Structure formats: C-alpha cells, structure tokens
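Examining the three-dimensional arrangement
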Amino acid sequence: MEEKVIKQISLFAENKPGRLASVANKLKNAGINIRAFTIAESGDFGIIRMVVDKSDYAHRVLHDAGFTVSETSVLGVEMEDVPGSMSRIAEVFGEANINLDYAYAFVTRDQKALLIVRVNDTQKAIKTLEENNIKLIGMEELEKI
C-alpha cells in the first residue's frame, strides 16, 4: 500500500515577509517543482505544507538550508473537475468513519483534480477508496504530473 501514499513536506517557518520566497527559491534552485501547497498561520509562525515532485530531495535541500522540515504521509485522491466530486469523496470518508485532519487540492494538466488529504487512518482510507473505485495517485504518478 506504500505505493499509494504521497510524501508531503511540512515546513515550520516564521510568519514574516520574504519567508515563502526563500523557501520557493531554494526549491527552484534545486530544480524541484511544487505541485501544491498550503500555509496554515499561527501568530508569529506558520506551517507550509507542500507536495513536490522530488520529496526526499526537497526535504534534504530545505533541511540543509536551515529550515525545520518533516515528511508526512498523505493521500492523493483523483477526482473529476466537476461539481459534486469532492462531495462524493467526503461522503465515502464519512460513511467509513474516517476523519480528515486537513485537505487541499489542485487541478492537473489533464483536467483532473487532485485532493491531498491527511486522514486519521491511512490504511483504512486506502482500502475504502479502492472499494469505492476512487483512484489514488502515488509518488511515481505525481512526479509525472
């Protein structure tokens, strides 16, 4: 089931002008492409969560640059880019009693939407989504998007 999991980079950073630019420039200079990201603000600090095409390398680059960084397992749930797609996934999770810790999404080049989710039970979520014929995108596929 590991091939169904995406490694997300989480970065703890000061909430000040130029901090995101510093992170983005480090990744740009290393040839790492950011596929999706979100920022959760908490006063003087924030958490930048991102999905990139080379997660292990990104972790090393950011860590070596002095950032506090970690990797988290998340799921990439493919859905049609039409009204109701997210509703269906939310219903599947709800019926299976799977809690979403957080989520963010982006649209791929081939007009699919990809929902990135952190759930309370990854293995159960994978099994439930597969039973409902909902496609998961792993790291190998993510790198090709």
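Now for a description of the structure that goes with this document. Here the residue numbers are simple positions, counted from 1 along each chain's written sequence. Local features in this predicted model are restricted to residues of pLDDT 70 or higher, and side-chain atom pairs are both shown and tallied only at a pLDDT of 80 or more, whereas totals for entire chains, interfaces and linings draw on every residue. To obtain the side-chain values, all non-hydrogen atoms of the structure were included, while hydrogens and water were left out.

1. Section: the overall build of the chain
What counts, and what does not: Numbering goes from the N terminus for both helices and strands, where a helix is a DSSP run of H or I of at least four residues and a strand is a run of E of at least two. Taken over C-alpha atoms, the radius of gyration is set against a globule rule of 2.2 Å times the number of residues to the power 0.38. For each residue, the accessible area found with a 1.4 Å probe, counting protein chains only, is set against the maximum for its type, and the residue is called buried under 20%, exposed over 50%, and partly exposed in between. Two residues qualify as a contact provided that any one of their heavy atoms is within 4.5 Å of a heavy atom in the partner residue. For every accessible area listed, the method is Shrake-Rupley and the probe measures 1.4 Å; residues are considered covered only by the protein chains on display. His residues and chain termini do not enter the charge count, which takes Lys and Arg as positive and Asp and Glu as negative. A charge is said to be at NZ when it belongs to Lys, at CZ for Arg, at CG for Asp and at CD for Glu.
Broken down by element type, the chain carries five helices and seven strands. Taken against the 2.2 N^0.38 rule, which gives 15 Å for 145 residues, the C-alpha radius of gyration of the chain at 16 Å falls within 12% of a compact globule. The principal-axis extents of the C-alpha atoms in the chain amount to approximately 40 × 35 × 30 Å. Across the 145 residues that make up the chain, the buried fraction comes to 41%. A separation of at least 24 residues holds for 70% of the contacts in the chain among residues at least 6 apart in sequence. Carbon and sulfur atoms provide 47% of the accessible area of the chain, an area that totals close to 8000 Å². Counting 18 positive and 22 negative side-chain charges, the chain places the averaged centre of each group 5 Å from the other.

2. Side note on the packing of aromatic side chains
Each pair of aromatic rings is reported with the distance of its centres and the angle of its planes. Let me state the cut-off plainly: What counts as a ring pair is set by centres within 6.5 Å for rings of Phe, Tyr and Trp (its six-membered ring), and what kind of pair is set by the plane angle: stacked under 30 degrees, edge-to-face over 60, tilted for all other angles. By the criterion adopted, a ring carries a charge over it if an Arg CZ or a Lys NZ lies within 6 Å of its centre and within 35 degrees of its normal.
Inspection of the entire model under this criterion finds one aromatic pair. Over the aromatic face of Tyr102 sits the side chain of Arg49, whose NZ or CZ is 3.9 Å from the ring centroid.

3. Quick look at unusual backbone geometry
The backbone phi angle of Asn97 is positive, close to 60°, even though this residue is not glycine. For Asn97, the position within the fold is in the loop between helix H3 (85–95) and strand E5 (100–107). Here the phi dihedral of Asn133 falls at roughly 55°; this positive angle occurs in a residue that is not glycine. By the secondary structure assignment, Asn133 is in the loop between helix H4 (122–131) and strand E7 (136–137). Overall, Asn133 belongs to the exposed group, its relative accessible area being 72%.

4. Looking at the pattern of salt bridges
Quick reminder of the rule: Salt bridge, as applied in this entry: a Lys or Arg side-chain nitrogen positioned within 4 Å of an Asp or Glu carboxyl oxygen.
Applying the stated criterion across every chain, the model contains six salt bridges. Across the pair Lys127 and Glu131 runs a salt bridge, and its minimum N-O distance is 2.9 Å. Taken together, the residues Lys127 and Glu131, both in helix H4 and four residues apart, mark about one turn of the helix.

5. Looking at a nonpolar patch on the surface
Convention followed: Candidates for patches are residues over 30% relative accessible area with no salt bridge; among them, like charges are joined within 9 Å and nonpolar side chains (Val, Leu, Ile, Met, Phe, Trp, Tyr) within 5 Å.
Where nonpolar side chains cluster on the molecular surface, the patch consists of Leu20, Ile34, Phe37 and Ile39 and spans about 320 Å² of accessible area. Structurally, Leu20 is set in helix H1 (residues 19–29). Using a relative accessible area of 36% as the deciding quantity, one classes Leu20 as partly exposed.

6. Considering the nonpolar core
The condition that has to hold: We call a set of buried residues a nonpolar core when its members are Ala, Val, Leu, Ile, Met, Phe, Trp, Tyr or Cys and they connect through side-chain atoms within 4.5 Å of each other.
Counting 18 residues, the largest nonpolar core has Leu75, Val77, Ile89, Phe93, Val117, Val119 and Leu129 as the members making the most contacts within it. Looking at this core, the elements that each hand over two or more residues are strand E4 (68–80), H3, strand E6 (112–119) and H4. The dominant element in this core, judged by the number of residues it contributes, is E6, at four residues. Once residues within four sequence positions are removed from consideration, Val117 is found in contact with Val74, Leu75, Val77, Phe93, Leu100, Tyr102 and Ala103. One finds Leu11, Val52, Phe67 and Val69 within the second-largest nonpolar core, a separate group that totals 15 residues.

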